[in-house]
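Tertiary structure, described
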Amino acid sequence: MRQKLKIAGWISVGAFAGALTTVSLQTVARGALAPLPLEELQQLAAVFGMVKSDYVEAVDEKKLISEAITGMVASLDPHSQYFDKKSFKEFREGTSGRFVGVGIEISQEDGLVKVVSPIEGSPAFRAGLQPNDLITRVDETPVKGMTLNEAVKRMRGEPNTKVVLTVLRKSEDRTFSVTITREEIKTVSVKAKVIEPGYGWIRLTQFQDRTVEDFARRLEEIYKAEPQLKGLVLDLRNDPGGLLDAAVAVSAAFLPENVTVVSTNGQLAESKFVYKAAPEFYLRRPGNDPLRKLPAALKSVPLVVLVNEGSASASEIVAGALQDHKRATIMGSQTFGKGSVQTVRPLGPDTGLKLTTARYYTPSGKSIQARGIVPDVLVDESSEGNIFAVLRTREADLEKHLGNNQGAAAARNTALEAAREAARKRAEEEARKPPSERTLAPEFGGPKDFQLIQAINHLKGRPVVVSKTQVVASKDQKKDN
């Protein structure tokens, strides 16, 4: 077992950039591959030669080859990807939960960068940035008109370099500049608190290298504050996934030992594997198991798992395992539906290939690829309904997405399309309103978090406000159980 899980790359189970990978399967010789198509390879070489010699201006040979590889891999499915030097660095930052920057969680508001929260202990925290501050300039460049990713790239950089942020603080009606020295930031992927006496909430924003340790520590804190915990909410909303071993560990924290958490299946022998709720399936190296000190009561405490359209891949592994083993009640909205596994193999010191190598299956043998996990109880994101959730992209909306190998593809869902059209119109109406009058989604874990309130009601045995409007994207969702 330990030999089979040698690290030779990673296995990715994330949905988007930053929702990335895990332990890898051992690389083996592939002598059984079919002969290379020589005629097509000759055509490729001929096209390369023509472009190099006949194109209107000189082209960079290395860039041309890199673009050809990028196009070849991108044609396979939405999650296979060739990493050049820059994207490989960003990929590694995503899995490690570390990056060089100023240390703020951000969103956008009226075209500006809004500070959601400074990361505790970060340069931005020490500089006095506060939630709801609006960043109007990065150095001398206005952020108005930038995408959020562009703004992030400008704020990141090399360690010990400086960046000047111009900040609008509405609460004090003033604008000021602050010079911040960039440093390595360790992101926190786990948040937790006692919601009220006897009931706890723990949220995972991504499955990263340090997630399991942080998860165990936060649970210990909850039990220290509430030794007689009556119920717990595991919040996986908008968690795009990440490391497979972290998903197995989080599942194992709640499940009986050695039950199946997830299985994978693909062409390679190493991709046919069953992961169980035991340390040897989630510890990357022999040593201390972060879950060992958790209270035994965690295995039986009443549990609700909150999910939504943004819960993908590793999040779906956890939700699917806990649902199939009837260990938790899954509440919220149908999940993203990414049921494929990507292996990441270095091609050199600075480049790599992320390639879809397997599908994964819940303990009952169900593939959620392009379907997602359907909650046991459908609950809207607010008391007014799932206002804009239907507009969010899911796996089934992505071009070239894989099928799930379990029956024919779902038929065109006219009800879902009608709901999306109605939501688009409402979104346009909201955009025309002044910012102060727009309908905003409540903060996860906040006092107005409608889904969390319903989860606590369920744990207490009280009535839950069930959705009357949500449209399940595939009517035959449970036929493969």
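Small disclaimer: the values here were computed from a predicted structure and weren't measured.

Of regular secondary structure, the chain possesses ten helices and 21 strands. Across the 481 residues of the chain, 47% fall into the buried class. The long-range fraction of contacts in the chain, counting pairs at least 24 apart against all pairs at least 6 apart in sequence, stands at 70%. For the chain, the computed accessible surface area is about 24100 Å², with 54% contributed by carbon and sulfur atoms.

Take Lys170: it is sitting in the loop between β9 (162-169) and β10 (174-181). In sequence terms Lys170 and Asp133 are 37 residues apart; their C-alpha atoms lie 7.1 Å from each other. Engagement of the side chain of Lys170 in a polar contact is seen with the side chain of Glu109, the distance being 3.3 Å.

Relative to each other, helix α7 (residues 244-254) and helix α8 (residues 314-324) sit at 25°, their axes nearing to 9 Å. Compared by their axis directions, α7 and α8 come out roughly parallel. The interaxial crossing formed by α7 with α8 has right-handed handedness. For the pair α7 and α8, the contacting residues are Leu244, Ala247, Val250, Ser251 and Phe254 in the first and Ala314, Ile317, Val318, Ala321 and Leu322 in the second. Among the residues making up the contact of α7 with α8, the classes are represented as nine nonpolar, one polar and no charged.

Before going further, it helps to spend a moment on α8. Judged by how many residues are buried, α8 sits mostly within the fold: ten of eleven residues are covered. Among all positions of α8, only Ala314, Ser315, Glu316, Ile317, Val318, Ala319, Gly320, Ala321, Leu322 and Gln323 are buried. If you follow the buried residues of α8, they end up packed against β14 (231-235), α7, β15 (260-265), β17 (303-307), β18 (329-332) and β20 (352-361). Backbone geometry just after α8 places Lys326 at a positive phi near 55°.

As a further point, take the pattern of salt bridges. Should the charged atoms of two oppositely charged side chains come close, the side chains can pair. Following the criterion strictly, the structure yields 17 salt bridges and no others. A salt bridge links Lys170 to Glu109, with the shortest nitrogen-to-oxygen separation between them at 3.3 Å. Residue Lys170 is located in the loop between β9 and β10, and its partner Glu109 is located in strand β5 (residues 104-109); the two are separated by 61 residues in the primary sequence. For Asp245, the salt bridge goes to Arg284, with nearest N and O atoms at 2.4 Å. Taken together, the residues span a long stretch of sequence, with Asp245 in helix α7 and Arg284 in the loop between β16 (273-276) and β17 at a distance of 39 residues.

Pairing is mixed across the open sheet formed by six strands, whose spatial order is β12-β13-β14-β17-β18-β21. In this open sheet, the two edge strands, each paired with only one partner strand, are β12 (190-196) and β21 (377-378). When strand β13 (residues 199-204) meets β14, the two strands line up parallel, connected through five bridges. By the bridge assignment, Tyr199 is partnered in β14 with Gly231.

Judged by nonpolar contacts, the single largest core of 54 residues is most densely connected at Phe215, Leu232, Leu234, Phe254 and Leu291. At nine residues, the largest contribution of residues to this core is made by α7. Not counting residues within four places of it along the chain, the set of residues in contact with Leu232 comprises Gly200, Trp201, Ile202, Leu219, Ile222, Phe254, Leu298, Val301, Pro302, Leu303, Val304 and Leu459.

Here we come to the side chain of Ser367. Mapped onto the elements of the fold, Ser367 is located in the loop between β20 and β21. A distance of 3.2 Å separates a polar atom in the side chain of Ser367 from the backbone nitrogen of Gln369.

We now examine the confidence of the model for the chain. Across the chain, pLDDT averages 84, with 82% of residues at or above 70. This stretch, residues 1-12, has a pLDDT under 50; its non-local contacts, to residues over four places away or in other chains, come to 64 contacts. Considering only residues more than four positions removed or in separate chains, one finds that residues 475-481, a stretch of pLDDT under 50, has 18 contacts.

Backbone geometry places Asp173, a non-glycine residue, at a positive phi of 50°. Counting through the fold element by element, Asp173 comes out in the loop between β9 and β10. At Asn238, a position not held by glycine, the phi torsion is positive, near 60°. With respect to the helices and strands, the residue Asn238 is situated in the loop between β14 and α7. The class for Asn238 is partly exposed, based on a relative accessible area of 37%.

What follows deals with a nonpolar patch on the surface. Together, Leu36, Leu38, Leu41 and Leu44 make up a nonpolar patch on the protein surface, roughly 420 Å² of accessible area in all. For Leu36, the position within the fold is in the loop between β2 (21-22) and α1 (38-54).

Structurally, His458 can be placed in helix α10 (residues 450-459). When its relative accessible area of 32% is taken as the criterion, His458 is described as partly exposed. His458 sits 129 residues away from Thr329 along the chain, and the two C-alpha atoms are 9.0 Å apart.

The full count for this structure, using the stated rule, is four aromatic pairs. Aromatic pair Phe215 and Phe254: ring centres 6.1 Å apart, planes at 70°, arrangement edge-to-face. One end of the pair, Phe215, is in helix α6 (residues 211-225); the other, Phe254, is in helix α7, and 39 residues separate them in sequence. Here Phe215 and Phe254 have matching classes, each one buried. In textbook terms, an aromatic cluster arises when at least three aromatic residues are bridged by ring pairs, as seen for Phe273, Tyr275 and Phe281. For Arg156, the ring lying beneath its charged end belongs to Phe99, and the centroid distance is 4.0 Å. Looking at Arg237, its charged tip hangs above the ring of Phe444, at a distance of 4.1 Å from the centre.

Cut-offs applied
Residues numbered from 1 in each chain as written. Predicted model: local features only at pLDDT ≥ 70, side-chain atom pairs only at ≥ 80, totals over all residues. Heavy atoms only, no water. Helix = DSSP H or I, 4+ residues; strand = E, 2+ residues; numbered from the N terminus. Buried < 20%, exposed > 50% of the residue type's maximum accessible area, 1.4 Å probe, protein only. Contact = heavy atoms within 4.5 Å. Areas by Shrake-Rupley, 256 points an atom, 1.4 Å probe, with all protein chains shown as cover. Polar contact = N/O pair within 3.5 Å; in protein donor to acceptor, adjacent residues only side chain to side chain. Axes fitted to C-alpha atoms, helices over the stretch in contact; angles between N-to-C directions. Parallel < 35°, antiparallel > 145°, perpendicular 65-115°, else oblique. Left-handed = near helix turned anticlockwise from the far one by under 90°. Nonpolar A, V, L, I, M, F, W, Y, C, P; charged D, E, K, R; others polar. Salt bridge = Lys/Arg side-chain N within 4 Å of Asp/Glu carboxyl O. Pairing = 2+ DSSP bridges. Core = buried A, V, L, I, M, F, W, Y, C linked by side-chain atoms within 4.5 Å. pLDDT = per-residue confidence, 0-100. Patch = residues over 30% accessible without salt bridge, like charges linked within 9 Å, V, L, I, M, F, W, Y side chains within 5 Å. Phe/Tyr/Trp six-rings, centres within 6.5 Å; stacked < 30°, edge-to-face > 60°. Lys NZ or Arg CZ within 6 Å of the ring centre and 35° of its normal.

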